[in-house]
Amino acid sequence: MRVLFVQQDHVSSLGYVGEAFADRGFDVDTLQVVPAEHFAVPDVSVVFPDPLAYDVVVPLGAPWSVYDAATIGAWVGEELGFLRTAHNGGVPVFGICFGGQALAAALGGAVELSPEPELGWTIVESSEPDLVEPGPWFQLHQDRWQLPPGARELATTGVASQAFVLGRSMGVQFHPELTATILQAWLDSGDRDYLLAHGVDPDALMVVTAAQAEAARERAVRLVDRFLSRIATAEFTQR
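In what follows, the accompanying structure is described. If you're wondering where the values come from, they're calculated on a predicted model, not measured in any experiment.

**Observations regarding helix 5 (residues 180-197)**
Point 1. Taking 1.5 Å per residue as the helical rise, helix 5 with its 18 residues ought to reach 26 Å, whereas the 21 Å between its terminal C-alpha atoms falls clearly short.
Point 2. For helix 5, the principal kink sits at Gly190 and spans about 80 degrees.
Point 3. Taken as a whole, helix 5 has its buried residues at Ile182, Leu183, Trp186, Leu187, Asp191 and Leu195.
Point 4. In this structure, the buried side of helix 5 is in contact with helix 1 (15-23), strand 5 (110-122), strand 7 (137-146) and helix 6 (202-231).
Point 5. Note on helix 5: the residue one or two positions beyond its end, Gly199, has a positive phi of about 80 degrees.

This is the structure in C-alpha cells:
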C-alpha cells in the first residue's frame with residue numbers, strides 16, 4: 001500500500017498522521033510543492049504524479065490561500081485537478097487544513113476568507129463523534145470552505161466547517177498531524193508574528209502543545225484508523 005503526502009511547503013511535515021500511516025504498513029511517499037528557497041515567492045512549476053498510482057493521497061496545510069492564485073501561481077489549479085483525478089478515480093483523499101480546502105474546491109465547493117481566524121487548541125461540534133472526535137484539535141487558519149455538492153458535514157465551530165466526507169474522501173480544517181516540532185517550525189517561519197498580531201501568545205501555545213502531545217497523537221491515530229476503515233473503503237461510485 002502506498003500513500004502520497006503532498007507537502008505544500010518545507011515546514012509542514014507529516015507528524016502524527018504520517019506516523020499512523022507508516023505504522024499501518026503504508027509505504028509513505030512525499031511531494032514537496034514549494035521548495036524552501038521559494039517560500040516567500042511560491043509561484044513555482046510543479047509536476048504532480050499520477051494519483052492513481054497511490055492507495056491514498058494526503059494534501060497537507062499551507063500558509064497561503066487556495067483562492068490566491070496571484071500569489072501561488074498555476075500550481076494551485078494543477079493541485080485541484082490532481083485531487084479531483086484521485087477522488088474521481090477511487091483513490092481516497094484525506095485533506096488537512098489547506099489540503100481540506102483544496103479538496104472542497106476540487107470537488108465543486110469553494111474557499112473564502114473566514115470572519116475571523118481560528119488559532120490554537122479548539123473543541124469542535126461533531127455530529128459523528130465516533131468518526132471525528134470533538135478534540136481539542138489544533139487550528140491555525142483564516143480561510144474556510146463551502147461544502148462541495150453532496151458532501152456530508154461532520155463537524156463545525158461557530159466560525160467554520162471543520163470536517164466533511166464525500167465518497168471515499170474526507171477533509172478536516174484542523175491539524176491532526178501537529179507536533180511541537182511542527183509548531184516550532186511554523187513559528188520560526190513567520191507564524192509567531194501572525195499569532196502575536198492576533199493576541200495569541202506563541203510561547204504559551206507551545207507549552208499547551210507539549211502538554212497535549214500524547215493525547216493529540218492518540219486522537220490523530222484514531223482519526224486515521226477511522227478514515228481508513230470507514231471512509232477509504234466506502235463503495236466507489238464513478239463520477
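After that view of the structure, there is still more to cover.
**What about the pattern of salt bridges?**
Point 1. Per the stated rule, a full pass over the model turns up 9 salt bridges.
Point 2. The salt bridge involving Arg24 is made with Asp225; its shortest N-O contact spans 2.3 Å. One end of the pair, Arg24, is in the loop between helix 1 and strand 2 (27-32); the other, Asp225, is in helix 6, and 201 residues separate them in sequence.
Point 3. For Arg24, a relative accessible area of 30% gives the class partly exposed.
Point 4. Between Arg222 and Glu133 there is a salt bridge whose closest N-O contact spans 2.5 Å. Here Arg222, found in helix 6, pairs with Glu133, found in the loop between strand 6 (125-126) and strand 7; they are 89 residues apart in sequence, far enough to count as distant.
Point 5. Assessed through its relative accessible area of 15%, Glu133 is described here as buried.
Point 6. A single network of salt bridges, built from pairs that share partners, joins Glu133, Arg222 and Arg226.

**Some remarks on unusual backbone geometry**
Point 1. The omega angle of the peptide bond from Gly135 to Pro136 is 15 degrees, so this bond is cis rather than trans.
Point 2. Mapped onto the elements, Pro136 comes out in the loop between strand 6 and strand 7.
Point 3. Phi is positive for Cys97, which is not a glycine, with a value near 55 degrees.
Point 4. Note on Cys97: relative accessible area 4%, which makes it buried.

Definitions and limits used
- Each residue is numbered by its place in its chain's sequence as written, counting from 1.
- Local features in this predicted model are restricted to residues whose pLDDT is 70 or higher, and side-chain atom pairs enter the listing and the counts only when it is 80 or higher, whereas totals over whole chains, interfaces and linings include all residues.
- Note that water and hydrogens are dropped before the side-chain values are worked out from all heavy atoms of the structure.
- Per the convention used, a helix needs a DSSP run of H or I reaching at least four residues, while a strand needs a run of E reaching at least two, with both numbered from the N terminus.
- A helix is expected to span 1.5 Å for every residue after the first.
- One axis is fitted to the seven residues ending at the residue and one to the seven starting there. The bend at that residue is the angle between these axes.
- For the exposure calls, accessible area comes from a 1.4 Å probe over protein chains only, and a residue counts as buried if that area is under 20% of its type's maximum, exposed if over 50%, partly exposed in between.
- We call two residues in contact when some of their heavy atoms are within 4.5 Å.
- Salt bridges are defined as contacts in which a side-chain nitrogen from Lys or Arg sits within 4 Å of a carboxyl oxygen from Asp or Glu.

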